[in-house]
Amino acid sequence: MTPPWARIPQPEAAPAETRSYDLVKEFVIALVAVLVLTLAGAAVFGAPDDKPVTLAAWAKADPNDFTATALSELDGSSDTAGYGAPYNTAAPGQKIGPVGLQKAAGVRHPVDTAKDFVLAPLANAPQTPDVAAALAQYQSATPDQQAAWDKAYSDALTAANDDPALVLPDTGGPVPVLLKQLLAQASSGSLDGALLSQGGFYQSDYTKPLLFLADGGYLSGRADAKHLSGDQWGMMNETGNYPGQAWLWLYTFWYQISPFNHSDNADALIWGLMAVLTLGFILIPFIPGVRSIPRYVPVYRLIWRDHYRRQLER
Amino acid sequence: MSADITPGSVPSEGVEAGGWTGAVRRGAVRAFPPDKLLPDRQPSYVASWIYVFGVLTLAALAVVIGTGCVLALKGPGWWHVSSTGRYVNALHLWSVELFMAFMVIHLWGKFFMAAWRGRRAMTWITGAVAFTASVGTAFTGYLTQQNFDSQWISTQAKDGLNSVGIGAFFNVLDFGQMLMWHIVLLPLALVGLTVWHVLLVRHRGVVPPIPLLTAGDAPEGDPAAEAGDEGGGS
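Residues numbered from 1 in each chain as written. Chains lettered and ligands numbered in written order. Predicted model: local features only at pLDDT ≥ 70, side-chain atom pairs only at ≥ 80, totals over all residues.

**A short note on the overall build of chain B**
Looking only at helices and strands, chain B has nine helices and one strand in total. Written out in order from the N terminus, the α and β elements of chain B read α-α-β-α-α-α-α-α-α-α. Split into buried and exposed, the 234 residues of chain B put 44% on the buried side. In chain B, 73% of the contacts between residues at least 6 apart in sequence involve partners at least 24 apart. (Helix = DSSP H or I, 4+ residues; strand = E, 2+ residues; numbered from the N terminus. Buried ≥ 20, exposed ≤ 12 C-beta atoms within 10 Å, placed from the backbone. Contact = placed C-beta atoms within 7 Å.)

**A short note on the overall build of chain A**
Across its full length, chain A holds 16 helices and one strand. C-alpha atoms of chain A, sized along the principal axes, occupy 100 × 50 × 35 Å. Put simply, 54% of the contacts in chain A that link residues at least 6 apart link residues at least 24 apart.

**Thoughts on helix 5 (residues 83-112) of chain B**
Residue and element names in this part refer to chain B. End to end, helix 5 covers 44 Å across 30 residues, agreeing with the expected 44 Å (1.5 Å per residue, within 8%). Taken across its 30 residues, helix 5 has 21 buried, putting it largely inside the fold. One or two positions beyond helix 5, positive phi appears at Ala-114, with a value near 45 degrees. (Expected span 1.5 Å × (residues − 1).)

**Considerations on the domain arrangement of chain B**
All names here are of chain B. On domain assignment, one finds that chain B holds domain 1 (48-106) and domain 2 (114-208). Taken over C-alpha atoms, the centre of domain 1 sits 15 Å from the centre of domain 2. On the side of domain 2, nine residues touch domain 1, which itself brings 10 residues to the contact. Secondary structure elements with two or more residues in the side of domain 1 that touches domain 2: helix 3 (52-74) and helix 5. Here the element with the most residues in the side of domain 1 that touches domain 2 is helix 3; it accounts for four residues. For the side of domain 1 that touches domain 2, a count of residues per class yields seven nonpolar, three polar and no charged. (Domains from an automatic or database assignment. Nonpolar A, V, L, I, M, F, W, Y, C, P; charged D, E, K, R; others polar.)

**Topic: the packing of helix 5 (residues 113-123) of chain A against helix 8 (residues 175-188) of chain A**
All names here are of chain A. Two elements in contact, helix 5 and helix 8, have axes whose closest approach is 10 Å; the angle formed by their N-to-C orientations is 80 degrees. Judged on the interaxial angle alone, helix 8 and helix 5 are roughly perpendicular. The residues of helix 8 that touch helix 5, namely those facing Val-118, Pro-121 and Leu-122, are Leu-178, Gln-181, Leu-182 and Gln-185. Of the residues in the contact of helix 5 with helix 8, the class split is five nonpolar, two polar and no charged. (Axes fitted to C-alpha atoms, helices over the stretch in contact; angles between N-to-C directions. Parallel < 35°, antiparallel > 145°, perpendicular 65-115°, else oblique.)

**Examining the interface of chain B and chain A**
Taken together, the contacts link 89 residues of chain B with 87 residues of chain A. Counting only elements with at least two residues in the side of chain B that touches chain A, the list comes to strand 1 (41-43), helix 3, helix 5, helix 6 (121-143), helix 7 (148-163), helix 8 (175-204) and helix 9 (223-226) of chain B. The residue makeup of the side of chain B that touches chain A, split by class, is 54 nonpolar, 23 polar and 12 charged. Note: strand 1 (residues 18-20) of chain A against strand 1 of chain B, three bridges, orientation antiparallel. What sits directly across from Thr18(A), in strand 1 of chain B, is Pro43(B). (Pairing = 2+ DSSP bridges.)

**Details of the confidence of the model for chain B**
Close reading of the predicted structure is inappropriate where its pLDDT is low. All names here are of chain B. For chain B, per-residue confidence averages 88 on the pLDDT scale, and 83% of positions sit at 70 or higher. Predicted confidence in chain B is weakest over helix 9, with a mean pLDDT of 30, and strongest over helix 3, with 98. For residues 216-234, every residue scores under 50 in pLDDT, and the model assigns this stretch 37 contacts once sequence neighbours within four places are set aside. Interface confidence in the predicted complex, given as ipTM, is 0.90; pTM for the same model is 0.89. (pLDDT = per-residue confidence, 0-100.)

**So, the packing of helix 1 (residues 23-45) of chain A against helix 3 of chain B**
Between helix 1 of chain A and helix 3 of chain B, the shortest axis-to-axis distance is 8 Å and the interhelical angle comes to 55 degrees. The angle between helix 1 of chain A and helix 3 of chain B places the two elements in the oblique class. Of the two possible hands of crossing, helix 1 of chain A and helix 3 of chain B adopt the one that is right-handed. Contact residues: Glu26(A), Phe27(A), Ala30(A), Leu31(A), Val34(A), Leu35(A) and Thr38(A) in helix 1 of chain A; Val55(B), Leu56(B), Leu58(B), Ala59(B), Ala60(B), Ala62(B) and Val63(B) in helix 3 of chain B. Here the residues of the contact of helix 1 of chain A with helix 3 of chain B sort into 12 nonpolar, one polar and one charged. (Left-handed = near helix turned anticlockwise from the far one by under 90°.)

**Looking at helix 3 of chain B**
Between its terminal C-alpha atoms helix 3 of chain B stretches 34 Å, which fits the 33 Å expected from 23 residues at 1.5 Å a residue. Note on helix 3 of chain B: the residue one or two positions beyond its end, Gly75(B), has a positive phi of about 95 degrees.

**Considering unusual backbone geometry**
A cis geometry characterises the amide bond from Ala85(A) onward to Pro86(A), with omega recorded as 10 degrees. The step from Ser258(A) to Pro259(A) runs through a cis peptide bond, and the omega angle for that step is 5 degrees. Counting through the fold element by element, Pro259(A) comes out in the loop between helix 12 (249-254) and helix 13 (266-282). The phi dihedral of Asp162(A) falls on the positive side, at around 65 degrees, and the residue is not glycine. Within the secondary structure, Asp162(A) sits in the loop between helix 7 (143-159) and helix 8. Even without being a glycine, Arg119(B) presents a positive backbone phi close to 60 degrees.

**Focus on the domain arrangement of chain A**
Residues and elements named next belong to chain A. Split by domain assignment, chain A resolves into domain 1 (55-225) and domain 2 (230-282). Relative placement of domain 1 and domain 2: their C-alpha centres are 30 Å apart. Domain 1 puts four residues into the contact, and the matching count from domain 2 is five residues. A per-class count over the side of domain 1 that touches domain 2 returns one nonpolar, two polar and one charged.

Set out below in structure tokens:
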């Protein structure tokens, strides 16, 4: 018997028999068929286009979540503040075994959450005297004093179930005044522009506003309601009942199972695994065993059944 | 610069033109004579519906590029404010879904045909890399929709890319960078790979059927059965 890892025999050099085959006609018919299917699919099903979440919409819809997130940006406890590369050096980043590619790539998109998301937008807008004084007081304080104010306000906010209205006004020094003003700026819509315009007039980089949005619970709450969370097969899904990126099923699959669904290095491990699998897929012709699978799966007998029948008839 | 000018002279038949241009032309004609590039006959074993999915993939790619060009004409914001634009975007979406579906079927078909046999490994490789490039192109398309979906996908996808250092250079939160990748770099790569893939198919021809093996057939080490370059170059 032929061992499973053996190469499939080389086909004959040139076919003995040919038949008429109009490649151009086939392409034109295929093009018309695809056009008809596309026109019909677009007409019947359309395409989804859920409006993006703005900071203004977030601040109005869930001011408590906005304030808690802004505080986490100020005191450095947000996901972005503790992310590591490429945004900052707060964490070593994910690793594949001993290899830390995330850290090795360096801080390429520096983000200082307190400055970029809270203090600079406040400083760059015209403020009332009490807000200006609170901002000056916070910025001139020592890091220890800032941390003490942040912690006092954070503890009070947690005790108040994230409702700023229930926190005593003098808790946390200038922090409640700053966060209240930031919420007002966000609600008015000016914070959306402020976060985006930190680099000049023309803008195309949404890194900062998206990171701020993603640090809060509002964006993920909406995604969860639309069945887009990571444990719901995540980003391969599409808003509404659309097929989305179904071809990402294998990548998304790994996030659903152990050990990846509880590993701190899940992203790096899955990317490493997918890199190996993709390389294997590309190099199938050179992988003993895998390249011989077609011989043992009788699909080829179905594809070439007429050819084999003619062979047997001879 | 000098030129070898002979008024009224025409190279006589059988005399090969000199220079790099002549060498490239001779090489191209040798590799792809017209009846090989656009043959009007195929081997008799090319008689299955599975063969249609290769050309369907090409046709769908043409529609994807065509609808993408219409969207590019009007700019990335158009389809959010125009009902015509919304429909063109839907055309783009559904042509992509068809393109990916046809390509996956084509790919599975070629796998079960072991279509890399007979020095056709590079044909498989260019097809597999084209599939990977297609996934990347579609992904950047989802990132540049400028709606809730692109917000969510980009903020989720950043973690995977950042975890292996790619995100430092390929920033999915940077709309401008992703748009350039989606409408320039990746389509160029995909079209280049597709042309290369199709030329290889024409150059090597359609892979012949796997010889039937029955019990006791093809004894181990039989050079007639096992010899040959299953992988090999293009």
